[in-house]
Amino acid sequence: MTPHNELRLLPWSGPDGKPCFLSTDGTGGPLSRLADRTEVAQLDVAAELLEHAHEVLADESSAPEELRLVASDLTVALRDALRVAASRGHRLPRLGASDPGDSNEVPHLPAGVFS
C-alpha cells in the first residue's frame, strides 16, 4: 500500500494526542492489518452514530443533555473519519505527470480502495 519511504497515518493518536505514523514496506504486516481493522471499526461506529443522531434530532422531546452527548460523540466520530480519509487519501496512487492539463486522464484504482 504505502511505498517504503513514506509513512502511514495511523487511526489513533499517541499518549500526548499527537498523530502516530507507521513506516511500512506495504506487505500488510500485523500493525497495518490492525490499523485497517481499526479504520473499518471507526467508520462503522460513525455510521451507527449518525443514524442515532438522526433519531435524537427527530425527537422533539430530546433533552439538552442528550443533544449535547450526541454532538460530543459526533465530534469524535468526525475527527476519526477525517483521519481515516486523510490516511487513505495519502495512500492513493498518484496520477502520472505526463500532461497535467490532460482532462481525459482517469485514475485506475485497486478495488480495495472502495471497500
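Check the entry above for the structure.
So, how was this worked out
- Residues numbered from 1 in each chain as written.
- Predicted model: local features only at pLDDT ≥ 70, side-chain atom pairs only at ≥ 80, totals over all residues.
- Heavy atoms only, no water.
- Helix = DSSP H or I, 4+ residues; strand = E, 2+ residues; numbered from the N terminus.
- Polar contact = N/O pair within 3.5 Å; in protein donor to acceptor, adjacent residues only side chain to side chain.
- Salt bridge = Lys/Arg side-chain N within 4 Å of Asp/Glu carboxyl O.
- Buried < 20%, exposed > 50% of the residue type's maximum accessible area, 1.4 Å probe, protein only.

### Remarks on the side chain of Arg91
With respect to the secondary-structure elements, Arg91 resides in helix 2 (residues 64-91). At 3.2 Å, the side chain of Arg91 and the side chain of Glu39 are in polar contact.

### Description of the pattern of salt bridges
Within the structure shown, the criterion is met by five salt bridges. Of the charged contacts in the structure, one is a salt bridge between Arg91 and Glu39, with a shortest N-O distance of 3.2 Å. Placement of Arg91 in helix 2 and of Glu39 in helix 1 (residues 30-58) is noted, with a sequence separation of 52 residues between them. As far as the burial class goes, Arg91 and Glu39 line up, both buried. In this structure, Arg79 engages Asp80 in a salt bridge whose closest nitrogen and oxygen atoms are separated by 2.9 Å.

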